[in-house]
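Below are the chains, spelled out letter by letter.
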Amino acid sequence: MLKVVLLDFDNTIYDDVGAIRRVFIRLRSEYRFFKSIPLDELISRFYYSDYRMQDMLRNENKSASEVNLARTDMFLQNVGLPLKMEMVMEIHRRIRELHMNFGKPVPGALKFLKKLKEKYQDQISENTYISLFLHTITVSLSLNLKYSKLLWTGLVHLPMKP
């Protein structure tokens, strides 16, 4: 019996690298201080900060939102932009907003998830958590507009198993 569905999300189901690339292309047009930094350097330093953020979540007693804001600050410092917290917060909000708007599924992800649901339909329907999770992802991918915003909203509202 199927008890767990384990899916890698970033760059397997969701085109995270593409979304981040589009985010920084837009940010370079909105904030002049990003223009002098090569696009690939912005992206690589952002991902470096992302890995550090995961360490912070594991090792420091901070909330996810505190860690996310600290990551943005760390990223900006790593690209030579030590900014006041007010500006860090503005850029942090803009990155999140753009990332949600530019996110889209990896080609073939929806087809794969639909086949997964079909193949294990009987077992999935017996497990409410897996069923809700797969339903949320496939509906979000099907709509393909503001996809990640809908997906994250759906996942946040899934009941958590103890």
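All values derive from a computational prediction rather than experimental measurement.

## Observations concerning the overall build of the protein
The helix and strand inventory of the protein stands at nine helices and zero strands. The helix and strand sequence of the protein, counted from the amino end, reads α-α-α-α-α-α-α-α-α. Here the protein holds 162 residues, and the buried ones make up 38% of them. Restricting to contacts in the protein with at least 6 residues of sequence separation, those with at least 24 account for 63%.

## A look at the packing of aromatic side chains
Applying the stated criterion across every chain, the model contains nine aromatic pairs. Relative to Phe46, the ring of Phe24 lies with its centre 5.5 Å away and its plane at 65 degrees, an arrangement referred to as edge-to-face. Of this pair, Phe24 sits in helix H1 (residues 16-30) while Phe46 sits in helix H3 (residues 39-59); the two residues are 22 residues apart in sequence, bridging distant segments of the chain. For the pair formed by Phe24 and Phe46, the shared burial category is buried. What links up through ring pairs into an aromatic cluster is the set Phe24, Tyr31, Phe33, Phe34, Phe46, Tyr47 and Phe75.

## Here we look at the pattern of salt bridges
Scanning the model with the defined rule gives eight salt bridges in all. Between Glu30 and Arg26 there is a salt bridge, with the nearest N and O atoms lying 4.0 Å from each other. Residue Glu30 and its partner Arg26 are both found in helix H1; the two are separated by four residues, about one turn of the helix. Judged by relative accessible area, Glu30 falls into the partly exposed class, the value being 33%. Here Arg94 makes a salt bridge to Glu97, at a shortest N to O gap of 2.9 Å. Linking Arg94 with Glu97, this pair stays in helix H5 (residues 85-102), spanning three residues, or about one helical turn. Assessed through its relative accessible area of 40%, Glu97 is described here as partly exposed.

## Details of the nonpolar core
In terms of nonpolar packing, the biggest core is built from 22 residues, with Phe24, Leu27, Phe34 and Phe75 touching the most fellow members. Aside from chain neighbours lying at most four places away, what touches Phe24 is Leu39, Leu42, Ile43, Phe46, Phe75 and Ile95.

## Regarding the confidence of the model for the protein
For residues with low pLDDT, the predicted coordinates do not support detailed interpretation. On average, the protein scores 77 in pLDDT, and the residues at 70 or more come to 68%. With pLDDT under 50 throughout, residues 152-162 is counted as low confidence; its partners more than four residues away or in other chains account for twelve contacts.

## With respect to the environment of Thr12
With respect to the element layout, Thr12 can be found in the segment before H1. Judged by its relative accessible area of 41%, Thr12 falls in the partly exposed class. Residues Thr12 and Val106 lie 94 residues apart in sequence; the distance between their C-alpha atoms is 6.5 Å. Excluding residues within four positions of it along the chain, Thr12 makes contact with Val106 and Ala109.

Rules used in this analysis
Per chain, residues are indexed from 1 in the order of the written sequence. Restriction of local features to residues with pLDDT of at least 70 applies here, the model being predicted, together with a cutoff of 80 or more for giving and counting side-chain atom pairs; totals for whole chains, interfaces and linings are based on all residues. By convention in this description, side-chain values take in all heavy atoms of the structure and omit both hydrogens and water. Helix and strand assignments come from DSSP, with helices taken as H or I runs of at least 4 residues and strands as E runs of at least 2, each series counted from the N terminus. Whether a residue is buried, partly exposed or exposed follows from its accessible area with a 1.4 Å probe, protein chains only, as a fraction of its type maximum: under 20%, in between, or over 50%, in that order. Here a residue-residue contact requires only that any non-hydrogen atoms of the pair lie within 4.5 Å. Side-chain rings of Phe, Tyr and Trp, where Trp is taken by its six-membered ring, are said to pair if the distance between their centres is within 6.5 Å; with planes under 30 degrees apart they count as stacked, over 60 as edge-to-face, and otherwise as tilted. Salt bridges are counted wherever a side-chain nitrogen of Lys or Arg sits within 4 Å of a carboxyl oxygen of Asp or Glu. As used in this record, nonpolar core signifies buried Ala, Val, Leu, Ile, Met, Phe, Trp, Tyr and Cys residues forming a set joined through side-chain atoms within 4.5 Å. pLDDT gives the predictor's per-residue confidence on a scale running from 0 to 100.

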